[in-house]
Amino acid sequence: MEPGDLQPEQNLIHRAWRNVPDFFAKQEIALQRKEIDEFIATTFSTGASYYYVLDFFNIHKPMLVSKSVEQILGLDPSTTTIQSIIERGHPEDLSFAAAAEESALRILNNQIGRDQVKNYKISYCGRLRTRDGSYRMFNHQALILATDDTNRVSKVLSIHTDISHITTRNNYKLSLLHLFGGESYLNIDVFDEKMQLIGAPSLFTEREMQIVRLLADGKTSVEIAEILMISQHTVKNHRKNILKKADCKTTGQLVSKVLVEGLV
């Protein structure tokens, strides 16, 4: 798919995504953080969050981490390693997180194809111990930034967003979301040894997904109508259809569902 074949929203993501590897050619950490912040704002839902960049060739060294990791997890951004993050995981969720990571890479490499790994967002949920010592539910989303000469993953950008104000339920499933409108794979059971990868058709139309993302960002029908330049009546009709398709009775249930399943 070429950029010209994409819809405006997809084009924005495509341009940002195409420039991500260039972040690592820059020398200034502050500039890297600023550009990654801007990229994340175009690709992910808002919320209390932090990001880190994992380099598989330097896995034991401190990572490039957003400053917000100190406020959220109580970690020093200059010394945070991937082990620091793992140690914050809830004991009951650690085996699932490990299985989800292993399954995601195996599916991307062996079933979807190594040449497609940069087109997907990895998503699952889990509890992390925060700065005050309490455990909160986070949505883990990851993008593969770079691969080696054989298309094996070498750098990953991960974003952890606190969603405990929306849901405390974990479905313990993995989702692989295509960034540019291609086939996505939802609710994969990573503990099923006979797991079959089944492409999940999009539940919502492109316009409905725009509205779902805006609802997840806390926008009202009036605000959505202004942003999308459509009538409030049209927005209300879309919201009604969206709730019906998602089998949800309230917007809160809808937002919880799409966050847990990694749809936004």
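Residues numbered from 1 in each chain as written. Predicted model: local features only at pLDDT ≥ 70, side-chain atom pairs only at ≥ 80, totals over all residues. Heavy atoms only, no water.

Caption draft 1: Geometry of helix H7 (residues 221-228). For H7, the set of buried residues is Ser-221, Ile-224, Ala-225 and Leu-228. Buried residues in H7, looked at end-on, bunch into an arc of 100°, giving them a common side. Looking at the buried side of H7, the elements it contacts are helix H6 (206-216) and helix H8 (232-246). Just downstream of H7 lies Met-229, where phi reads positive at about 60°. (Buried < 20%, exposed > 50% of the residue type's maximum accessible area, 1.4 Å probe, protein only. Helix = DSSP H or I, 4+ residues; strand = E, 2+ residues; numbered from the N terminus. Arc of directions from axis to C-beta. Contact = heavy atoms within 4.5 Å.)

Caption draft 2: Fine view of the environment of Ile-122. Of note, Ile-122 is situated in strand S3 (residues 120-129). Given a relative accessible area of 4%, Ile-122 falls into the buried group. Remark: the alpha-carbon pair of Ile-122 and Leu-108, spanning 14 residues in sequence, is separated by 9.7 Å. Look past the residues within four positions of Ile-122 in its chain and what remains in contact with it is Ala-104, Leu-108, His-140, Gln-141, Ala-142, Leu-174, Ser-175 and Leu-176.

Caption draft 3: Geometry of the packing of H6 against H7. H7 packs onto H6 with a crossing angle of 130° between their chain directions and a minimal axis gap of 10 Å. Overall, the two elements H6 and H7 adopt an arrangement that is oblique. Crossing handedness for the pair H6 and H7: right-handed. Packed against H6, whose contacting residues are Arg-207, Gln-210, Ile-211, Leu-214 and Leu-215, the element H7 presents Ile-224, Ile-227 and Leu-228 at the interface. Across the contact of H6 with H7, the residue classes tally to six nonpolar, one polar and one charged. (Axes fitted to C-alpha atoms, helices over the stretch in contact; angles between N-to-C directions. Parallel < 35°, antiparallel > 145°, perpendicular 65-115°, else oblique. Left-handed = near helix turned anticlockwise from the far one by under 90°. Nonpolar A, V, L, I, M, F, W, Y, C, P; charged D, E, K, R; others polar.)

Keep in mind that these numbers describe shape and distance, not what the molecule does.
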